[in-house]
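Residue strings, one per chain:
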Amino acid sequence: MSRADTSRAESPRAEAPRAGVSRAEVPSAVRAPSPLWSFGLLRSELLITFRRWRTLALLGVLAAVPVLVGIAVKIETSDGASFGGGGGGGGGGGGEGPAFISQISNNGLFLVFTAIAATLPFFLPMAVGVVAGDAIAGEANAGTLRYLLVAPAGRTRLLLTKYATVIAFCLAATLVVAVSALAVGALLFPVGELTTISGTRITYAEGLGRALLIALVVAASLVGVAALGLFVSTLTGSGVAAMATTVGLLITVQILDQIPQLDALQPYFFSHYWLSFADLMREPVYWDDLVKNLGLQALYAAVFGSAAWARFTAKDITS
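Every chain is numbered independently, its residues counted from 1 as its sequence is written. Selection of residues for local features in this predicted model requires a pLDDT of at least 70, selection of side-chain atom pairs for listing and counting requires 80 or more, and totals for whole chains, interfaces and linings are taken over all residues. Working from all heavy atoms in the structure, the side-chain values ignore hydrogens and water.

**What about the nonpolar core?**
Counting 75 residues, the largest nonpolar core has Phe113 and Phe277 as the members making the most contacts within it. Of all the secondary structure elements, the ones that give two or more residues to this core are helix 4 (53–76), helix 5 (110–119), helix 6 (123–142), helix 8 (155–188), helix 9 (204–220), helix 10 (223–233), helix 11 (239–256) and helix 12 (288–314). Counting from the N terminus, the helices are the DSSP runs of H or I reaching at least four residues and the strands are the DSSP runs of E reaching at least two. Top contributing element to this core by residue count: helix 8, with eleven residues. Side-chain atoms within 4.5 Å are what join buried Ala, Val, Leu, Ile, Met, Phe, Trp, Tyr and Cys residues into a set we call a nonpolar core. In this scheme, a residue with accessible area under 20% of its type's maximum is buried, one over 50% is exposed, and one in between is partly exposed, where area comes from a 1.4 Å probe on protein chains only.

Structure, rendered in structure tokens:
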């Protein structure tokens, strides 16, 4: 036996990557990643997502909506006239939505509720659909999905990280709308005690607390769209196609939710109870539609999240 053959035989680490080698002989670098590594992956995904120009543009558009609404109300009420119709608005059920806009001139905090109501039917879910639709398909389109799985992320771990990133965007997008509306409302209109839909008076501090609670509920209302978009993203290797399909499904569901002949199916549409957040402005709070909304979002997240996992774990990754 030559010297080279003897050296190879005495070097078990060189043979470790080959098939048939026991797990104990595989270098630790290719073993399952630690939880700390998972947090690092999540941190990396968050940084990449929120540094993209597309993400910043979406957040910028969302932040601009309260500014435009506030300026419009300020101009219309500059002569002392009231803006819009009265009424306290309603909750879920796909109704007309809360008429908080008529109360903005009396208290700038109502701009928060109005801005959320204005962005929730389309702008907020569209932004979430774009981010969710691009989560997996965008990586495949860029040719980086294969390298993420070799990292080693593992398909389930990577999918959960992507979904957590989309959920973080749901919260960030909703808070951007709320904070922008809060700042514009305080700048253009008086603030102080406010009147609830039920006619009772609450302090400004309590009103801020309810505004934060509404923002959290609205963010939770988008987890169904996030799961749907993630599932669509696993079906194609084109980020643009996944984003367009998700937004198209969103618009279709919104249209179907307005057709009276489909009233038996409408309670099962993910958008049906979105405006139920207005019930948080009642005294006492009316919880029925709120609970239905959160339960429905959890159901959509479970169904489409499972479908996304089943598809992604069985999918051939070629890019």
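**Section: empty space enclosed by the protein**
Only protein atoms enter the calculation, which uses a 1 Å grid: trapped sets of points that fit a 1.4 Å probe without letting it out are cavities, open sets showing protein on both sides within 12 Å along at least five of seven lines are pockets, and any residue with an atom within 4 Å of a point is a lining residue. Grid points are joined across faces, edges and corners, and a volume is the space filled by probe spheres set on the points. Applying the stated criterion across every chain, the model contains one cavity of 30 Å³ or more. Around the largest cavity, the lining residues are Glu45, Thr49, Arg52, Val131, Asp134, Ala135, Glu139, Lys162, Thr165 and Val166. Those elements that place two or more of their residues in the lining of the largest cavity are helix 3 (35–51), helix 6 and helix 8. Each residue gets one label: Ala, Val, Leu, Ile, Met, Phe, Trp, Tyr, Cys and Pro are nonpolar, Asp, Glu, Lys and Arg are charged, and the others, such as Gly, are polar. Of the residues in the lining of the largest cavity, the class split is three nonpolar, two polar and five charged.

**A closer look at helix 12**
Working rule for helices: expected span equals 1.5 Å times residues minus one. Between its first and last C-alpha, helix 12 extends 39 Å over 27 residues, near the 39 Å set by a 1.5 Å rise per residue. For helix 12, the complete set of buried residues consists of Asp289, Leu290, Asn293, Leu296, Gln297, Tyr300, Ala301, Ala308 and Phe312.

**Re the pattern of salt bridges**
We define a salt bridge as a side-chain nitrogen of Lys or Arg found within 4 Å of a carboxyl oxygen belonging to Asp or Glu. Counting across every chain of the model gives seven salt bridges. Across the salt bridge formed by glutamate 206 and arginine 210, the nearest N and O atoms sit 3.2 Å from each other. Within this pair, glutamate 206 and its partner arginine 210 are both found in helix 9, separated by four residues, close to a single helical turn. For arginine 282, the salt bridge is made with aspartate 279, and the minimal N-O distance between the two is 2.8 Å. Using a relative accessible area of 22% as the deciding quantity, one classes arginine 282 as partly exposed. One salt-bridge network, in which partners are shared between bridges, spans Arg52, Arg54 and Asp134.

**So, the packing of aromatic side chains**
Note on ring pairs: Phe, Tyr and Trp rings are taken, using the six-membered ring of Trp, and paired if centres are within 6.5 Å. Classes follow the plane angle, with under 30 degrees stacked, over 60 edge-to-face and the rest tilted. A complete count under the given rule lists seven aromatic pairs for this structure. Judged by centre distance (6.2 Å) and plane angle (40 degrees), the ring pair of phenylalanine 50 and phenylalanine 169 falls under tilted. Of this pair, phenylalanine 50 sits in helix 3 while phenylalanine 169 sits in helix 8, and the two are 119 residues apart along the sequence. Their ring planes at 80 degrees and their centres at 5.7 Å tell us that phenylalanine 110 and phenylalanine 113 sit as a pair that is edge-to-face. Taken together, the residues phenylalanine 110 and phenylalanine 113, both in helix 5 and three residues apart, mark about one turn of the helix. Accessibility classification places phenylalanine 110 together with phenylalanine 113 in one group, the buried group. Three or more aromatic residues link up through ring pairs in this structure, and these residues are Phe231, Phe270, Trp274, Tyr300 and Phe304.

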